[in-house]
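So you can see what is in the structure, the chains are spelled out below.
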Amino acid sequence: MSRIATPNRIRGTQDIFGDNQRRFAQVVEAFERVRKLYCFQRVELPVFEATAVFARSLGETTDVVSKEMYSFEDRGGDSITLRPEFTAGIARAFLTEGWQQYAPLKLVTHGPVFRYERPQKGRYRQFHQIDAEIIGAAEPMADVELLVFADQLIRELGIADGVTLQLNTLGDAETRDAWRAALVAHFEAHRGELSEDSVARLGKNPLRILDSKDPRDRPIADAAPGIDGFLTSDAGAFFESVTRGLDAAGVAWTRNDRLVRGLDYYRHTAFEFTTDRLGAQGAVLAGGRYDGLIESLGGPATAGVGWAAGIERLGMLVAEADDLPPMVVVVPMGNGELNIAAAVLAGLRGAGVAADMAFAGNFKRRLTKADVAGAHFAAIIGEAEAASASVALKNLRSGDQRVVAMADLVEAVK
Ligand code: ATP
Ligand code: MG
């Protein structure tokens, strides 16, 4: 007899089940709850875009664009890319859908994103992000708003302990140019000790070296000059407004004057919530201000600031979550009572009571199932109950049992 081989799950993808799925759902539910408190509007966007959307806005020299994108030619010959992040697609929609009329616009979304990376714990090729953006607001209060939102989310998930907000400014164009020159001088002096990747970055984007994970680069990156000596007074004032706002809102932060973000379009505020509880995958939520992004997509100069967080990484930090057990398990004593049990079950659910039915095996097995499911009540239906339109309602916590008319069942269990 020949057997058909089952195809494997694609490397770096996940089938999220059981406890992992409950953690995942907990993150998404908290995100939805908190975003409503902050009056962010939800948007749903395509999973794929024209490759140019990402290549132009993220920058050709970024890791994401140069090595991590899932790009392919579709049947019509167009170059398509599975989104590696949300911001570029949101900026594209802002321009193509005429959302400028609503600016400033506070948006959130969540869903799968795709990056061709080396899979490991907390790092996947299809993973999921929650994402929040404010487009069309150049004021530092927008940065504060997003950071307070992120901070409240992390506290509501119960994971604030051991998660720190690292904050930096990348300044304005003048600041960046001066800092860049100082970094180039510093890295040139250590050229021989840098990784090959970083030597390549030196010509194109020396700020990236600060972000390198290569152990050869770390000591040199850590000894590099910070940005403070180069901040223009405007850039300094902007950063001070952000930190004052955070202090006023009670958000704890630490300054990391070497923090840069992987993407080309960042200006002013850059931040990362990090933890040491996830090994090498310590970044849980990250973002910043991207005032140059919309222009790089051919739009008018438009300010923007936002963040994204990995749902899986947040989920790994939250305490184990349980699904709520059913309130009632309906137990038909024999198969003769199956249909009346189905009617009782539909009535319970229709009235908003979480309920399940035990229909496999003999009566004893059905009753055991009710217990195992963690239900509060078993609603037992035998021939006598069926004939009198009632159920034997057993409280599985106390062991008490009484007869209740089917018409009164919802009230009895609520
Ligand atoms: P890292 O430094 O870990 O590669 P990143 O700087 O590439 O992160 P961002 O582009 O800022 O990450 O994405 C925001 C968040 O998405 C990260 O803080 C992290 O929680 C999550 N994330 C990024 N890449 C992955 C991945 N491959 N698998 C799972 N989560 C990820
Ligand atoms: Mg990365």
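The notes below deal with the structure included here. No experiment lies behind these values; they were computed from the predicted model shown.

Around ligand 1 sit 16 residues, and of these Arg-115, Glu-117, Arg-123, Lys-213 and Arg-261 come closest. Arg-115 places a polar side-chain atom, nitrogen or oxygen, 2.9 Å from an oxygen atom of ligand 1. Taking Glu-117, its side chain carries an N or O atom lying 2.6 Å from a nitrogen atom of ligand 1. Here ligand 1 has 590 Å² of accessible area as a free molecule, and 90% of this is covered by the chains. Elements that contribute at least two residues to the shell around ligand 1 include exactly strand 6 (126–135), strand 10 (283–289) and strand 11 (304–310). The element best represented in the shell around ligand 1 is strand 10, accounting for four residues.

Note on placement: Leu-409 falls in helix 15 (residues 409–413). Leu-409 sits in the buried class, given a relative accessible area of 2%. Placed 336 residues apart in sequence, Leu-409 and Glu-73 show a C-alpha to C-alpha distance of 59 Å. What Leu-409 contacts, discounting residues up to four positions off in sequence, is Val-344, Leu-348, Ala-379, Val-391, Leu-393 and Val-404.

Parameters and conventions
- Residues numbered from 1 in each chain as written.
- Chains lettered and ligands numbered in written order.
- Predicted model: local features only at pLDDT ≥ 70, side-chain atom pairs only at ≥ 80, totals over all residues.
- Heavy atoms only, no water.
- Near = heavy atom within 4 Å.
- Polar contact = N/O pair within 3.5 Å; in protein donor to acceptor, adjacent residues only side chain to side chain.
- Areas by Shrake-Rupley, 256 points an atom, 1.4 Å probe, with all protein chains shown as cover.
- Helix = DSSP H or I, 4+ residues; strand = E, 2+ residues; numbered from the N terminus.
- Buried < 20%, exposed > 50% of the residue type's maximum accessible area, 1.4 Å probe, protein only.
- Contact = heavy atoms within 4.5 Å.

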